[in-house]
Amino acid sequence: MSVIDNPRPYDVAIIGGGAAGILTAIGVLRGSREPLRVLLLESSLPLARGVAYSTSYAEHLLNVPAGKMSGFPDQPDDFLDYLVEISAFPGEAREELAALFVPRHHYAAYLRHRLQEALETSAVQLDVRAERVLALDRTAAGFRLELGTGQHELAHQVVLATGNSLRPLPVRGASALPAERRVEAWDFAAVRSIARHADVAIIGSGLSMADTVMSLLASEHKGRIHVLSRHALMPLPHAKGPAADYDPQPLLAMNLRQRMRALRRHAADAAQRGIPWQSVMERIRPMGQALWQSLSFDDQRRFLRHVVRYWDVHRHRIAAPVHEQLMALKQEGRLQLHRGRLQTAIIEGGCVCLGALDRQRQPLQLDVQCVVNATGVEMRAQAMHNPLLQQLLGSGIARAGLHGIGIDSTEDGHVINADGNAEPAIQVLGSLRIGSLWESLAIPELRAQAARAAKAALPAGAWQG
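Please read all numbers here as calculations on a predicted model, not as lab measurements. (Residues numbered from 1 in each chain as written. Predicted model: local features only at pLDDT ≥ 70, side-chain atom pairs only at ≥ 80, totals over all residues. Heavy atoms only, no water.)

Draft legend 1. Representation of the sheet that holds strand E8 (residues 200-203) within the structure. Ordered in space as E7-E13-E8-E9-E10-E11-E12, the 7 strands form an open sheet in which the pairing is mixed. The two strands at the open ends of the sheet, each matched to only one other strand, are strand E7 (182-184) and strand E12 (363-368). Ignoring strand direction, the axes of neighbouring strands in this sheet form an average angle of 40°. As paired strands, E7 and strand E13 (residues 370-373) are joined by 3 bridges and run parallel to one another. (Pairing = 2+ DSSP bridges. Helix = DSSP H or I, 4+ residues; strand = E, 2+ residues; numbered from the N terminus. Axes fitted to C-alpha atoms, helices over the stretch in contact; angles between N-to-C directions.)

Here it is in structure tokens:
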């Protein structure tokens, strides 16, 4: 039998070339003592430019200071070291640079740089393919990957790092809107191309909204900006101040209502001592996953129904200068915030007429020239337009996570199949683990998951870390 008929399997296939996939690849390259073959599949090159870090524009800042953005748990200053190495901010003292919210494009470049360094010193052969994976089927050798081109590859171990999926615009018929009237917030170039004097409606008031407004400002946009969301809660800023010193451990034994009361009490106590509420949230930052997993199933549902948006704006904060610009626009009246649920989107002449119901269920109409979908990340695996995930769920290789969010996984990151058993040769990390972990999107979580996935994916005895 020829090599064509019986191709040599890859030792590891990593599906996804965003931050999670790149960090996993770096871990394998650095950690293997054997000349393994690794396949990295990413449909949209260049690497490391997933949704979060795909922007090339300076107005889009990291939401975390540079000093906390290392990609590696055992090298806490690595991103900061990189910025100093390349003289990204000449004249800026290292201590000051650590506190800066730097443009996000630096992070994508950092990940690619570290990947190239690891490749130059590793015995591992890394093949990068601009391919989409459509299906994953078991074979005697491991798994057979069906690619979008119709080709197939074999792999002993698979790592799912598919990244974030955009939530669709929440109105029937949205796809029928002309392309020039409907823009995705993550299409940064398209946002910047919106006509300067156009009135714009941004659907969603979270982090993607903030990015959109910053892009509009950078392109000297002069029209009105309407922000429509169900809760009308905008991201809150980071703040400097003393650290909160309360003990967060008792929160784990409380139910959801008790936790919310306790956090409000800690915030009020902190304020009396001149400590910002942000420090109260920072105190529980390392406990995000434990807080989620220690809630009962019913309390998790209550959280998703009633608390999640309030949690998000307090937990996922933005740089203070960005918040100041948003507030200035709101004060000027150029940015108008509306609380309501979008119902209709109809083209009339050169306008898009948006119909919504406000919190009193009274009609609200906005007439704009362009609509921007900033509704954020889709969490339900069944709703993601990803053929691989649909195939994994349909075949029983995977099952949906808690509350239908992401896909189910074990504590150490292995996929759980429809029978409730762990799939030892398939690992998952990042946004697909939200149902199990809740906190699974930010770099502190991704770097820990990637380090664990890299070690687990290697054959016994191959790890040298």
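Draft legend 2. How the structure looks around the packing of aromatic side chains. The full count for this structure, using the stated rule, is 10 aromatic pairs. Ring geometry for Phe 303 and Trp 311: centres 6.2 Å apart, planes at 65°, overall edge-to-face. Taken together, the aromatic side chains of Tyr 53, Phe 79, Tyr 82, Tyr 107 and Tyr 110 make up a single cluster linked through ring pairs. Taking the ring centre of Phe 72 as reference, the NZ or CZ of Arg 30 above it sits at 4.2 Å. (Phe/Tyr/Trp six-rings, centres within 6.5 Å; stacked < 30°, edge-to-face > 60°. Lys NZ or Arg CZ within 6 Å of the ring centre and 35° of its normal.)

Draft legend 3. Region of the structure containing unusual backbone geometry. The linkage connecting Leu 45 with the following residue, Pro 46, adopts the cis geometry, with an omega of 5°. Mapped onto the elements of the fold, Pro 46 is located in the loop between strand E2 (37-41) and helix H2 (78-85). In this model, His 403 sits at a positive phi of 60°, which is unusual for a non-glycine residue. Tracing the backbone through its elements, the reader meets His 403 in the loop between helix H12 (387-395) and strand E14 (414-416). In this structure, Trp 438 takes a positive phi of about 65° despite not being glycine. On the secondary structure map, Trp 438 appears in the loop between helix H13 (434-437) and helix H14 (443-457).

Draft legend 4. Quick peek at the nonpolar core. Core analysis: the biggest nonpolar cluster contains 45 residues, and Ile 22, Tyr 53, Phe 79, Tyr 107, Leu 111 and Leu 115 have the highest contact counts within it. Listed by contribution, the elements that provide at least two residues to this core are strand E1 (10-15), helix H1 (19-31), E2, H2, helix H4 (105-121) and H14. If you tally residues by element for this core, the top one is H1, at 8 residues. When neighbours within four sequence positions are excluded, Leu 115 is seen to be in contact with Ile 22, Ala 25, Ile 26, Leu 29, Leu 47 and Leu 126. If you look at the next biggest cluster of nonpolar residues, it comprises 28 residues, including Ala 185, Trp 186, Leu 335 and Cys 370. (Core = buried A, V, L, I, M, F, W, Y, C linked by side-chain atoms within 4.5 Å. Buried < 20%, exposed > 50% of the residue type's maximum accessible area, 1.4 Å probe, protein only. Contact = heavy atoms within 4.5 Å.)

Draft legend 5. Representation of the packing of H1 against H4 in the model. Here H1 crosses H4 at 20°, and the two axes come no closer than 9 Å. Of the possible angle classes, the one that applies to H1 and H4 is roughly parallel. In this structure, the crossing between H1 and H4 has a hand that is left-handed. Along the contact surface, H1 presents Ala 19, Ile 22, Leu 23, Ala 25, Ile 26, Leu 29 and Arg 30, while H4 presents Leu 111, Arg 114, Leu 115, Ala 118 and Leu 119. Each residue belonging to the contact of H1 with H4 can be placed in one class, and the counts come to 10 nonpolar, no polar and 2 charged. (Parallel < 35°, antiparallel > 145°, perpendicular 65-115°, else oblique. Left-handed = near helix turned anticlockwise from the far one by under 90°. Nonpolar A, V, L, I, M, F, W, Y, C, P; charged D, E, K, R; others polar.)

Draft legend 6. Quick peek at H1. The end-to-end C-alpha distance of H1, which contains 13 residues, comes to 18 Å, matching closely the 18 Å that a straight helix rising 1.5 Å per residue would cover. With 12 of 13 residues buried, H1 lies mostly within the body of the structure. Within H1, burial applies to Ala 19, Ala 20, Gly 21, Ile 22, Leu 23, Thr 24, Ala 25, Ile 26, Gly 27, Val 28, Leu 29 and Gly 31. Check the buried side of H1 and you find it contacts E1, E2, H4, strand E3 (125-129), strand E6 (152-160) and H14. (Expected span 1.5 Å × (residues − 1).)

Draft legend 7. Representation of the pattern of salt bridges. This structure, assessed with the given rule, holds 20 salt bridges. Where Arg 114 meets Glu 117, a salt bridge forms, and the shortest distance between an N and an O atom there is 3.1 Å. With a gap of 3 residues between them, Arg 114 and Glu 117 both fall in helix H4, about one helical turn apart. Note that Asp 245 and Arg 273 form a salt bridge whose closest N and O atoms lie 3.3 Å from each other. Note that Asp 245 is positioned in the loop between strand E9 (225-229) and helix H7 (256-272) and Arg 273 in the loop between H7 and helix H8 (277-283), a separation of 28 residues in sequence. Assessed through its relative accessible area of 53%, Asp 245 is described here as exposed. For Arg 273, a relative accessible area of 48% gives the class partly exposed. Where salt bridges share partners, they join Asp 78, Glu 85, Arg 114 and Glu 117 into one cluster. (Salt bridge = Lys/Arg side-chain N within 4 Å of Asp/Glu carboxyl O.)

Draft legend 8. Representation of a positive patch on the surface. A cluster of basic residues, Arg 167, Arg 230, Arg 341 and Arg 361, forms a positive patch at the surface. Position of Arg 167 relative to the elements: it lies in the loop between E6 and E7. (Patch = residues over 30% accessible without salt bridge, like charges linked within 9 Å, V, L, I, M, F, W, Y side chains within 5 Å. Areas by Shrake-Rupley, 256 points an atom, 1.4 Å probe, with all protein chains shown as cover. Lys, Arg positive; Asp, Glu negative; His and termini not counted. Charge placed at Lys NZ, Arg CZ, Asp CG, Glu CD.)

Draft legend 9. Representation of the side chain of Glu 42 within the structure. Looking at the element boundaries, Glu 42 is found in the loop between E2 and H2. For the buried Glu 42, no salt bridge is present, and the opposite-charge side chain at shortest range is Arg 132, 8.8 Å distant. Contact partners of Glu 42, with chain neighbours within four places excluded, come to Gly 16, Gly 17, Gly 18, Leu 47, Arg 129, Ala 130 and Glu 131.

Draft legend 10. Fine view of the side chain of Arg 433. Note that Arg 433 resides in the loop between strand E15 (422-428) and H13. Despite its burial, Arg 433 pairs with no opposite charge; the closest candidate is Glu 411, at 5.9 Å N-O.

Draft legend 11. Inspection of the packing of H2 against H4 at higher detail. Where H2 contacts H4, the axes come no closer than 11 Å and their chain directions differ by 95°. Of the possible angle classes, the one that applies to H2 and H4 is roughly perpendicular. Between H2 and H4, the residues in contact are Asp 78, Phe 79, Asp 81, Tyr 82, Leu 83 and Glu 85 and His 106, Tyr 107, Ala 109, Tyr 110, His 113 and Arg 114, respectively. For the contact of H2 with H4, a count of residues per class yields 6 nonpolar, 2 polar and 4 charged.

Draft legend 12. Structural detail: H2. Every buried residue belonging to H2 is among Asp 78, Phe 79, Leu 80, Tyr 82 and Leu 83, and all of these are buried. Directly after H2, the chain includes Ser 87, whose backbone phi takes a positive value near 55°.

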